[in-house]
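A closer look at the structure
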Amino acid sequence: LGITYNAALQLATLALAASGYRPGRERAHERAILSLRDTVGAAAATVNLLDAVRRKRNLINYERAGTTSGAEAEELHEAVVALRSEVVRWLKNNHRELCPRGL
């Protein structure tokens, strides 16, 4: 869950930076995730899932372990794989110069 969440966070941060913004210091993860609606036009369901995982991740990291099921981790993984495709497509259409060769 943590690794997949970090991948989503990096995608959100990438889209935000490509748009000329940074999430700031306060609540940076939350702002980066929520910005996906405005940067790449991510579906509300995807953003809501990522935000829910962000909140749950804070509990897991700081308060208790073992609160995530395999099904939840798989749902997140599928959503982030789809998000990656969406971000790559958005980059190609809006910021071609930022795409690595071969994408």
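Residues numbered from 1 in each chain as written. Predicted model: local features only at pLDDT ≥ 70, side-chain atom pairs only at ≥ 80, totals over all residues. Heavy atoms only, no water.

**Notes on the packing of helix H1 (residues 2–18) against helix H4 (residues 70–94)**
When two helices pack together, you describe them by how their axes are tilted relative to each other and by the distance separating the axes. In plain terms, the rule: For helices, the axis comes from a line fit to the C-alpha atoms of the stretch in contact; other axes are also lines fit to C-alpha atoms, and the angle between any two N-to-C directions lies between 0 and 180 degrees. Secondary structure elements follow DSSP: runs of H or I no shorter than four residues count as helices, runs of E no shorter than two count as strands, and numbering proceeds from the N terminus. An angle below 35 degrees is read as roughly parallel, one above 145 as roughly antiparallel, one from 65 to 115 as roughly perpendicular, and any other as oblique. Crossing handedness is read from the near helix: turned anticlockwise from the far helix by less than a right angle, it gives a left-handed crossing, and turned clockwise, a right-handed one. Residue contacts are defined here by distance: any two heavy atoms, one from each residue, within 4.5 Å place the two residues in contact. Ten residue types, Ala, Val, Leu, Ile, Met, Phe, Trp, Tyr, Cys and Pro, are classed as nonpolar, four, Asp, Glu, Lys and Arg, as charged, and the remainder, Gly among them, as polar.
Running from N to C, H1 and H4 point in directions that differ by 20°, and their axes come no closer than 9 Å. In terms of their interaxial angle, H1 and H4 are classed as roughly parallel. Crossing geometry of H1 relative to H4 is assigned as left-handed. Packed against H1, whose contacting residues are Thr 4, Tyr 5, Ala 7, Ala 8, Leu 11, Leu 14, Ala 15 and Ala 18, the element H4 presents Leu 76, His 77, Val 80, Leu 83, Arg 84, Val 87, Trp 90 and Leu 91 at the interface. When its residues are assigned to classes, the contact of H1 with H4 shows 13 nonpolar, two polar and one charged.

**A short note on the pattern of salt bridges**
Stated precisely, the cut-off is as follows: Salt bridges are defined as contacts in which a side-chain nitrogen from Lys or Arg sits within 4 Å of a carboxyl oxygen from Asp or Glu. Three labels apply to residues, based on accessible area from a 1.4 Å probe with only protein chains included: buried if under 20% of the type maximum, exposed if over 50%, partly exposed otherwise in between.
Inspection of the entire model under this criterion finds five salt bridges. A salt bridge links Arg 55 to Asp 51, with the nearest nitrogen and oxygen atoms 2.6 Å apart. Taken together, the positions of Arg 55 and Asp 51, both in helix H3 (residues 44–62) and four residues apart, correspond to about one turn of that helix. A residue is classified by how much of its surface remains accessible, and Asp 51, at 11% relative accessible area, is buried. For Glu 72, the salt bridge identified is with Lys 56, shortest N-O distance 2.8 Å.

**Overview of the side chain of Thr 4**
Note on placement: Thr 4 falls in helix H1. Overall, Thr 4 belongs to the buried group, its relative accessible area being 16%. Once residues lying within four places of it in the same chain are set aside, the contact partners of Thr 4 are Leu 76, His 77 and Val 80.

**A look at the confidence of the model for the chain**
The criterion, for reference: The quantity called pLDDT is the predictor's confidence in a given residue, expressed from 0 to 100.
Looking at the chain as a whole, its pLDDT mean stands at 89, while 90% of the residues score no less than 70. When mean pLDDT is compared element by element in the chain, helix H2 (residues 28–39) scores highest at 96, while H3 scores lowest at 85.

**Re the nonpolar core**
Here is the rule: Throughout, nonpolar core names a set of buried Ala, Val, Leu, Ile, Met, Phe, Trp, Tyr and Cys residues whose side chains join them through atoms within 4.5 Å.
Counting 24 residues, the largest nonpolar core has Ile 33, Leu 36, Val 40, Leu 50 and Leu 83 as its most contacted members. Elements represented by at least two residues in this core include exactly H1, H2, H3 and H4. Here Leu 50 is in contact with Tyr 5, Ala 8, Ile 33, Leu 36, Leu 76, Val 80 and Leu 83, once residues within four sequence places are set aside.

**What about the environment of Arg 22?**
Its location among the elements puts Arg 22 in the loop between H1 and H2. Looking at Arg 22, the relative accessible area reads 76%, which means it is exposed. As for Arg 22 and Ala 32, which are separated by 10 residues in sequence, their C-alpha atoms are 8.0 Å apart.

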